[in-house]
Number of protein chains: 2
Amino acid sequence: MDSGSIAQRLAKKQKEISVSEFFERNKHILGFDSPTRALITSVKEGVDNSLDVCEEAEILPEVFVQIKRVGRDEFRIVIEDNGPGIVKKQVPHIFGRLLYGSRFHSLRQTRGQQGLGISAAVMYAQLTTGKPSLIRSKVRHRDVAYEVELILDTKKNRPRIIRQDFVVWEKECGTRVELQVRGRYIVGKQSVFEYLKSTAIVNPHARLTFKDPDGRTYVFERASDILPPKTEEIKPHPQGIELGTLLKMAKETKSYKMTAFLQKEFSRISSRVAKETLDKADVPRERVPKRLTLEEAKRILQVVNKIKIMAPPTDCLSPIGERLIKKGLKNVLGDQRPEFYCPPVTREPTVFAGNPFQVEVGIVYGGNLPQDKPIDILRYANRVPLLYQQGACAMASAVEKVDWRRYGLEQRGGHGVPFGPAIVLVHFASTKVPYTSESKEAIANIPKIVKELENGLRVCGRKLGTHMKRKAKKAKTREKFDIVQKILPEIAEKSSKIVKKDVPDIRKTITKIMNVVWIDEEVVFEKRRHKVTVKIYNYTPKGQKLNLHVVVPPEHFDSNTCDPKPKEIKEDGRITWELKRVPSTEIGYATFELFGMDEDEYDETELYISGISPTSVVGAEPLPGDWDLRVKPPTVEEITEEETEEELDYDEVEEELVDEDDEVDGAREEASSAG
Amino acid sequence: MDSGSIAQRLAKKQKEISVSEFFERNKHILGFDSPTRALITSVKEGVDNSLDVCEEAEILPEVFVQIKRVGRDEFRIVIEDNGPGIVKKQVPHIFGRLLYGSRFHSLRQTRGQQGLGISAAVMYAQLTTGKPSLIRSKVRHRDVAYEVELILDTKKNRPRIIRQDFVVWEKECGTRVELQVRGRYIVGKQSVFEYLKSTAIVNPHARLTFKDPDGRTYVFERASDILPPKTEEIKPHPQGIELGTLLKMAKETKSYKMTAFLQKEFSRISSRVAKETLDKADVPRERVPKRLTLEEAKRILQVVNKIKIMAPPTDCLSPIGERLIKKGLKNVLGDQRPEFYCPPVTREPTVFAGNPFQVEVGIVYGGNLPQDKPIDILRYANRVPLLYQQGACAMASAVEKVDWRRYGLEQRGGHGVPFGPAIVLVHFASTKVPYTSESKEAIANIPKIVKELENGLRVCGRKLGTHMKRKAKKAKTREKFDIVQKILPEIAEKSSKIVKKDVPDIRKTITKIMNVVWIDEEVVFEKRRHKVTVKIYNYTPKGQKLNLHVVVPPEHFDSNTCDPKPKEIKEDGRITWELKRVPSTEIGYATFELFGMDEDEYDETELYISGISPTSVVGAEPLPGDWDLRVKPPTVEEITEEETEEELDYDEVEEELVDEDDEVDGAREEASSAG
């Protein structure tokens with residue numbers, strides 16, 4: 001056959017593939033690559049939907065999950081919620097059609113975004129067990145629920161109804177799904193139980209009930225009756241959007257002028273910014289958007305990515321928050337008792353390709369965590385735990401890029417997952433989570449995101465490093481102290497005996513040798529309150545005066561309990577004392593109380609000092625230069641075009657951070673050797 | 001708003017998403033997550049298509065790739081081939097429509113399978129630069145080529161033609177694509193150049209020309225004028241197919257009886273097997289397939305997965321082959337000179353979910369490869385190099401699961417990517433590559449596949465381990481030898497002087513102390529031939545007789561050059577000599593020549609011995625028990641239902657292999673200590 005007729009033959013084979021046929025053949029892309037994972041994926045798709053829809057309807061979620069064994073490797077999964085229900089007409093489409101949903105076109109932080117998940121589970125069910133799925137849904141104020149048995153016709157990507165009916169259901173409203181799938185039920189890591197437990201931790205407003213194949217029921221009780229603040233739907237942020245997207249939006253807008261178009265269709269473009277942008281881009285303000293040319297659009301994007309535009313609004317994001325991160329970490333620990341909880345870091349929101357996102361990081365360290373294993377990484381995206389594909393995930397890439405050696409962990413060559421007794425929790429919240437595949441288990445390595453994750457990890461890592469250094473420094477000083485306090489009195493006694501004089505008071509001598517102000521804190525939990533006492537031991541030969549600064553969780557701080565009275569209490573929990581002079585060899589105090597936390601929710605305070613040479617202080621850090629700048633609202637001015645590039649940038653950031661760190665470390669080392 | 005009206009409100013937001021809108025928003029899933037990767041992905045999609053279509057038309061591929069810089073971060077990509085061309089009517093659909101192609105429904109080993117790649121690149125181009133793509137194609141025997149400028153209408157997932165024309169093109173036939181994309185051009189690892197180079201290595205029948213943005217031209221010349229054997233399209237293998245798939249096939253078949261249906265629509269089901277299956281499954285042989293019930297289908301699958309069915313035909317697969325694997329490894333090495341090339345392993349084909357697949361593994365070790373880094377893993381799927389997402393890939397998972405410590409590499413805790421001076425090359429060939437996402441950079445962690453990859457790695461790893469042990473043993477014996485040969489003569493001399501007698505011949509004494517048969521080989525390259533000399537040093541006190549067995553590449557073996565004449569030469573390159581007795585302290589020889597290889601293509605022979613106690617031999621292994629069973633055709637009888645499960649299975653395999661290895665190791669240790 002010559003190549004002319006081959007072209008003809010090939011032409012005959014060309015055909016369209018329906019999206020459902022595509023995914024039927026590639027079910028592993030949807031998260032159904034092994035029987036164990038298929039079971040988790042099915043549950044996850046149902047539960048994610050239930051939580052999303054309850055929050056959208058502002059209902060405190062009650063989700064019931066049951067897994068019944070119906071064969072050696074066949075299970076029936078039930079997921080039932082108290083959500084608002086689904087109107088009859090929509091039920092078959094939502095469950096029996098891929099790429100059909102309500103959340104794809106809206107920029108909001110939701111768990112599901114693709115319109116793929118639950119219908120993919122329905123498809124997997126029929127593919128592996130031949131059984132249709134059963135859905136029941138009731139809308140409030142209706143007498144009956146709608147019940148339908150359906151399969152997904154993969155040739156057409158449309159639902160095929162096997163049976164439908166109206167039935168009486170005692171529930172006021174809600175939705176129940178039953179799927180029969182081939183699967184494998186396991187316990188332990190990467191199990192349905194673990195997924196539900198992890199979900200409960202970061203969704204304390206939800207009540208989850210799980211009945212396992214052996215009929216045991218587990219209830220994850222609600223820890224809070226308050227729904228997370230409702231996330232708002234937003235317009236895209238102009239920075240980072242694609243040229244093609246801008247052109248398409250201009251074609252489809254209802255605005256008649258470019259100024260109005262920019263203001264209405266994007267977030268954070270004021271009338272002033274719109275005019276400035278158009279003028280700088282040399283595009284007439286009155287230009288009809290439909291007539292926008294390719295070159296004009298390019299110039300607009302160039303300008304937009306250079307000028308200062310406010311960061312995206314933050315009410316579209318729902319971070320987990322420092323307290324729940326700590327709780328989340330505590331929970332996975334079980335019997336393990338780490339020595340140190342790094343104060344969790346919730347970064348300011350920033351933006352990638354027009355989408356706001358926010359990174360949170362928590363680290364625990366030491367105690368009886370395993371010493372000789374790679375650290376554990378707990379990954380969450382929009383409050384959903386990610387259990388698979390860690391190796392493909394931007395969160396893991398970011399962990400691997402940070403040089404953890406400087407924060408006290410072992411890491412061969414300064415990259416890769418470090419070894420040591422630590423667990424890192426990372427949460428990525430965004431109006432659009434760029435998953436690497438439809439199975440939603442790993443975040444794509446988008447340079448902007450990896451960099452921000454790295455920054456979050458470094459900030460938290462530096463706290464770990466500070467703790468480790470402080471610990472090492474204290475241990476060293478303590479050792480010196482112990483020796484001095486043991487040997488000097490003995491020498492004094494012996495020499496006194498020899499010269500037959502009274503033993504002198506050597507406290508002054510000791511202070512001369514030590515020459516250090518030792519700051520220590522004591523946290524006592526009593527009557528549901530944390531009582532914190534900061535002690536200032538003056539082991540120098542003269543009186544010392546200093547300012548003490550602490551950072552406490554403001555919502556738990558009782559300002560009436562402070563003794564002495566602080567000079568300043570800021571709303572964000574920063575407190576400053578001007579302490580009176582502590583005479584040589586004596587001790588100064590500052591105390592305060594915190595309320596409303598569990599005992600293990602608080603164990604250490606960030607302590608800073610000023611008004612004294614930091615080289616003579618052990619146990620508190622010098623007040624950082626940005627103490628007063630901390631809570632300044634951020635801008636996205638730093639997002640220049642340069643930053644959309646990748647490799648180069650990493651190096652720059654790396655170097656910047658190296659310099660910064662080195663300086664701090666240098667200062668500390670000086671302090672240490674001088675003290 | 002109460003939840004009833006919320007259900008109404010939500011219903012209004014429900015809508016269908018077109019597949020192109022979905023991927024436009026999720027372009028990172030298609031491999032466009034950073035400007036660097038976007039450039040590679042675009043080139044890759046074009047080149048993969050060109051190679052596929054040339055092979056299909058049995059044309060030796062000539063592919064031209066050019067990247068022109070048209071802006072700071074904007075590039076024009078040209079990909080031109082000498083393939084059969086595309087008929088006019090199909091051009092717009094192939095390039096302007098997602099999920100449209102010829103290879104989705106056929107079970108054949110091809111690079112592209114999804115009908116997504118090149119149209120995704122067209123979509124990425126218009127999204128980032130606003131520019132349409134230009135396609136020109138000419139079918140043989142036509143006077144003119146068809147040229148079209150088009151974009152992809154993402155709302156409809158249909159091509160929109162901007163301009164079309166017929167033009168004169170000097171080429172006899174072929175296709176040329178021009179895409180203008182935002183990207184970033186880099187050199188080094190994960191670059192377009194590296195991708196093309198790696199592609200050239202495993203596709204030696206293709207001639208690739210690359211013109212980089214600076215106008216430099218690189219030609220990867222064809223190393224072979226022979227196309228790889230054409231891969232045949234096959235029917236699915238019945239083992240591992242899904243219940244839903246069987247039911248669907250039964251509904252759609254044109255056969256009137258179950259026996260005919262099973263025979264015609266599946267590979268490896270003979271009339272006998274079809275009858276046996278139906279009888280055992282208690283399904284009437286005459287049953288009309290359309291009437292097959294769910295329960296009957298289930299029983300058929302149960303039977304099919306238990307009985308013995310021939311492995312899938314292998315002519316649908318095109319492995320790279322041991323020689324090219326070695327070449328591929330040599331190429332990436334550049335200036336690095338490893339000390340040892342493990343003989344590459346090409347495993348027998350096996351099957352997952354009805355799809356045949358085959359695993360190949362090569363390892364190089366030592367020399368000046370970096371000692372203190374994780375080993376490099378080179379991944380290939382259907383002759384396409386995979387450059388991204390290693391962490392998500394089954395190939396990497398398999399490497400991490402193998403305990404490399406027993407093969408002489410450093411690996412903390414016996415899992416994870418090992419450290420050491422080694423490079424591992426893995427190739428996965430299949431009629432269906434289950435990629436984790438549409439970007440086709442990582443293979444899903446399907447238990448059956450991971451296990452087979454592990455097995456391949458272990459087999460190759462064991463060769464590395466054998467080499468390392470042999471090396472260690474030789475070094476130890478050599479040390480002993482050196483000492484004995486140095487000290488004994490001195491002692492002899494001194495004692496002779498003292499007793500004033502002649503110095504005795506101590507060779508016999510040395511052999512008594514050494515008591516070893518030392519086998520060594522020498523490879524000399526002369527006149528384009530490898531001359532191999534195996535020497536048998538008899539350092540034992542008596543004469544020794546033994547059989548020597550070697551394995552050589554049969555296609556390069558010149559049987560006329562053997563001296564002495566072997567007892568047996570098998571077609572697959574296994575050669576056996578019955579050597580005549582070698583007297584004590586003398587040396588025996590066996591020589592042969594190999595032709596047609598480059599100097600560095602051959603450096604070591606697999607040597608085995610029999611007819612002598614292996615404990616007294618250093619430098620060759622005892623003949624393995626399966627020497628004569630080696631090339632027996634495989635069956636897939638081992639695929640029982642158990643094996644479709646995951647975790648348990650891994651453990652079992654692990655244990656099996658542990659036992660096996662331990663035994664071998666134990667035997668060797670005994671041998672070593674006895675010797």
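For clarity, every value in this text was computed on a predicted model and none was experimentally measured.

Novice: Explain the pairing of strand 18 (residues 516–526) of chain A here, please?
Specialist: It is a general feature of regular strands that their side chains alternate between the two faces of the sheet. Residues and elements named next belong to chain A. Summarising the sheet, strand 18 and strand 19 (residues 529–539) pair through 11 bridges and their orientation is antiparallel. Along strand 19, the bridge assignment pairs Val-516 with Tyr-539. The turn linking strand 18 back onto strand 19 is made up of two residues, and Lys-527 within it adopts a positive phi angle of 50°. Strand direction decides the pairing type here: strand 18 and strand 26 (residues 617–618), joined by two bridges, are parallel. Within strand 26, the residue paired with Val-517 across the bridge is Val-617.

Novice: I'm lost on the relation of the copies chain B and chain A in this one. Help?
Specialist: What relates the pair of chain copies is a rotation about an axis plus a shift along that axis. Overlay of chain B on chain A (RMSD 0.1 Å): rotation 180°, translation along the axis 0.1 Å. What the superposition gives is, in effect, a two-fold axis relating one chain to the other. Among all residues of chain B, the minimum C-alpha distance to the rotation axis is found for B:Gly391, at 1.9 Å.

Novice: Whenever I open this one, the interface of chain B and chain A confuses me. Can you help?
Specialist: For an interface, size is often stated in terms of accessible area lost upon the parts coming together. If you look at the interface, chain B gives 71 residues, while chain A gives 72 residues. Secondary-structure elements contributing two or more residues to the side of chain B that touches chain A are helix 1 (3–13), helix 2 (19–25), helix 3 (35–56), helix 4 (91–96), strand 4 (100–101), helix 5 (117–129), helix 7 (243–252) and helix 10 (294–304) of chain B. With eight residues, the single largest contributor to the side of chain B that touches chain A is helix 1 of chain B. Looking at the side of chain B that touches chain A, its residues break down into 33 nonpolar, 26 polar and 12 charged.

Novice: Before we go on, may I ask you to explain helix 6 (residues 192–202) of chain A in this structure?
Specialist: The periodicity of an α-helix, 3.6 residues per turn, causes residues three or four positions apart to be oriented the same way. Most of helix 6 of chain A is tucked away, with eight of its 11 residues classed as buried. Along helix 6 of chain A, the residues that are buried comprise A:Val192, A:Tyr195, A:Leu196, A:Ser198, A:Thr199, A:Ala200, A:Ile201 and A:Val202.

Novice: Teacher, can you tell me more about the sheet that holds strand 7 (residues 158–167) of chain A here?
Specialist: Sheet strands line up and pair through hydrogen bonds in the backbone, either parallel or antiparallel. Residues and elements named next belong to chain A. Spatially, the eight strands line up as an open sheet ordered 7-6-5-8-3-2-9-10, and their pairing is mixed. The outermost strands of the open sheet, each flanked by one partner alone, are strand 7 and strand 10 (217–220). Geometrically, the sheet is characterised by an average inter-axis angle of 15° between neighbouring strands, direction not taken into account. Bridging between strand 5 (residues 133–138) and strand 6 (residues 145–153) involves five bridges; their strand directions are antiparallel. Considered in strand 6, the bridge of Ile-135 is made with Val-148. Where helix 3 (residues 35–56) meets the sheet, its contacts fall on strand 2 (62–71), strand 3 (74–81) and strand 8 (174–182), and the angle it forms with strand 3 comes to roughly 10°. Relative to strand 9 (residues 207–211), helix 6 is tilted by about 170°, and along the sheet it contacts strand 2, strand 9 and strand 10.

Novice: In this structure, what is going on with the sheet that holds strand 25 (residues 606–610) of chain B? I would like to understand it.
Specialist: With mixed pairing, five strands are arranged side by side in an open sheet as 22-23-20-25-27 (chain B). Bordering the open sheet on either side are strand 22 (568–569) and strand 27 (621–622) of chain B, each of which pairs with just one other strand.

Novice: Explain the nonpolar core here, please?
Specialist: In a soluble, globular protein the nonpolar side chains are often hidden away together inside. Counting residues in hydrophobic clusters, the biggest one holds 239 residues, and the most contacted among them are A:Ala394, A:Met395, A:Ile443, B:Ala394, B:Met395 and B:Ile443. Ignoring sequence-local partners within four residues, the contact set of B:Met395 consists of B:Ile377, B:Arg379, B:Val426, B:Phe428, B:Ile443 and B:Leu453. With 26 residues, the next largest nonpolar core counts B:Val516, B:Tyr539, B:Leu579 and B:Ala590 among its residues.

Novice: Mind showing me how you'd approach the domain arrangement of chain A here?
Specialist: What the domain assignment lists for chain A is domain 1 (19–220), domain 2 (243–304), domain 3 (322–466) and domain 4 (505–628). Placing a centre on the C-alpha atoms of domain 1 of chain A and another on those of domain 2 of chain A gives a separation of 42 Å.

Novice: What am I meant to see in helix 8 (residues 258–265) of chain B here?
Specialist: Residues and elements named next belong to chain B. Met-258, Thr-259, Phe-261 and Leu-262 are the residues of helix 8 that are buried. Each buried residue of helix 8 lies within a common arc of 165° when the element is viewed along its axis, so the set occupies one face. Looking at the buried side of helix 8, the elements it contacts are helix 7 and helix 9 (271–280).

Novice: Can you walk me through the pairing of strand 2 of chain A in this structure?
Specialist: Residues and elements named next belong to chain A. Sheet topology places strand 2 next to strand 9; five bridges connect them, and they run parallel. Looking at the pairing, Val-65 lines up with Phe-210 of strand 9. Pairing analysis gives eight bridges linking strand 2 to strand 3, with the strands arranged antiparallel. Looking at strand 3, one finds that Val-65 is bridged to Ile-79. Count of turn residues in the strand 2/strand 3 antiparallel hairpin: two residues.

Novice: What is the right way to look at unusual backbone geometry in this model?
Specialist: Trans is the prevailing form of peptide bonds, just as negative phi is the prevailing case for residues other than glycine. In the segment running from A:Asp563 into A:Pro564, the intervening peptide bond is cis, with an omega of -5°. For A:Pro564, the location among the structural elements is in the loop between strand 21 (557–563) and strand 22 (568–569). Residues other than glycine seldom take positive phi values, yet B:Glu58 does so here, at roughly 55°. Along the chain, B:Glu58 falls in the loop between helix 3 and strand 2 (62–71). Given 13 C-beta atoms within a 10 Å radius, B:Glu58 is considered partly exposed. Despite not being glycine, B:Asn157 shows a phi value in the positive range, around 50°. Secondary-structure assignment places B:Asn157 in the loop between strand 6 (145–153) and strand 7 (158–167).

Cut-off values and rules
Residues numbered from 1 in each chain as written. Chains lettered and ligands numbered in written order. Predicted model: local features only at pLDDT ≥ 70, side-chain atom pairs only at ≥ 80, totals over all residues. Pairing = 2+ DSSP bridges. Helix = DSSP H or I, 4+ residues; strand = E, 2+ residues; numbered from the N terminus. Least-squares fit on C-alpha atoms with pLDDT ≥ 70 in both. Contact = placed C-beta atoms within 7 Å. Nonpolar A, V, L, I, M, F, W, Y, C, P; charged D, E, K, R; others polar. Buried ≥ 20, exposed ≤ 12 C-beta atoms within 10 Å, placed from the backbone. Axes fitted to C-alpha atoms, helices over the stretch in contact; angles between N-to-C directions. Core = buried A, V, L, I, M, F, W, Y, C linked by C-beta atoms within 7 Å. Domains from an automatic or database assignment. Arc of directions from axis to C-beta.

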